[in-house]
Amino acid sequence: MDNVNHTQDKAPDSPLELIHAVMHQYRSQQYQVLRDGPHDLTHMETKVLGFFARHPGATQSALAQDSGRDKAQLARLVKGLRERGLLDAQADEADRRNVRLTPTAQGRAVLEALHEASGHLAAQAVAGMSPEEQQQLAALLRRVRENLAGSKNGTARG
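Predicted model only: the values in this text are computed from it and were never measured. (Residues numbered from 1 in each chain as written. Predicted model: local features only at pLDDT ≥ 70, side-chain atom pairs only at ≥ 80, totals over all residues. Heavy atoms only, no water.)

## A few points about the side chain of Thr46
Convention followed: Here a strand is any run of E in DSSP of at least two residues, a helix any run of H or I of at least four, and the numbering for each starts at the N terminus. Residue exposure (1.4 Å probe, protein chains only): buried if accessible area is under 20% of the type maximum, exposed if over 50%, otherwise partly exposed. We call two residues contacting when some pair of their heavy atoms lies within 4.5 Å.
Along the chain, Thr46 falls in helix H2 (residues 43-54). The class for Thr46 is buried, based on a relative accessible area of 5%. Excluding residues within four positions of it along the chain, Thr46 makes contact with Tyr31, Leu34, Leu41, Leu111 and Leu114.

Pasting the structure below:
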């Protein structure tokens, strides 16, 4: 009954529609691991946790600046991650008003599970392809990405 994302007007085999479908399917399966796990994390919660794993000791303000997201939304996400024991907070020694955030061991384990699931999905996605086919696919996708990046600047390549 839900035909919102399944419009009949779109060519099902157009390259960009296929890329979109593949990424949607990949993300859905990737985050199913987290939803089925003990923490039931959303996509945004995972992104927030990943930011602090890449930037341990960063502040919520740094996250807001990096992501461009609403500070109130980020505050709710950070609070939820802290309450579930996935983020640890320490007051900045130089300025106690700033709180430095770092993933806990449990938070790092969640990210590792996601990374592992991503690796399995990546292998599943190219199963049956020769190394040459995988290289060709990667080269074609890089070209699509470059074409789109060029079109942002009004210099699409042909």
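## Concerning the nonpolar core
The test is simple: Only buried Ala, Val, Leu, Ile, Met, Phe, Trp, Tyr and Cys residues count toward a nonpolar core, and they belong to the same one when joined by side-chain atoms within 4.5 Å.
In this structure, Leu41, Val48, Leu49, Phe52, Leu63, Val78 and Leu81 are the most contacted members of the largest nonpolar core, which totals 22 residues. When residues of this core are traced back to their parent elements, those giving at least two are helix H1 (15-36), H2, helix H3 (60-67), helix H4 (71-83), strand E1 (87-91) and helix H5 (105-125). Broken down by element, this core gets its largest block of residues, 5 residues, from H2. Residue contacts for Leu81: discarding those within four places in its chain leaves Leu41, Glu45, Val48, Leu49, Leu86 and Leu87.

## What to know about H1
Residue pairs three or four apart in sequence face the same way in an α-helix, which turns once every 3.6 residues. Rules: Multiplying 1.5 Å by the residue count of a helix minus one yields the expected span of that helix.
The end-to-end C-alpha separation of H1 is 31 Å, in line with the 32 Å expected for 22 residues at 1.5 Å each. Elements in contact with the buried residues of H1: H2 and H5.

## Thoughts on the pattern of salt bridges
Inclusion rule: Salt bridges, as used here, are contacts in which a Lys or Arg side-chain nitrogen is within 4 Å of a carboxyl oxygen on Asp or Glu.
Inspection of every chain in the model, using the stated rule, returns 4 salt bridges. Between Glu83 and Lys79 there is a salt bridge, with its nearest N and O atoms 3.8 Å apart. Taken together, the residues Glu83 and Lys79, both in helix H4 and 4 residues apart, mark about one turn of the helix. Each member of the pair, Glu83 together with Lys79, is exposed. Its salt-bridge partner being Arg100, residue Asp92 comes within 2.6 Å of it at the nearest N-O pair.

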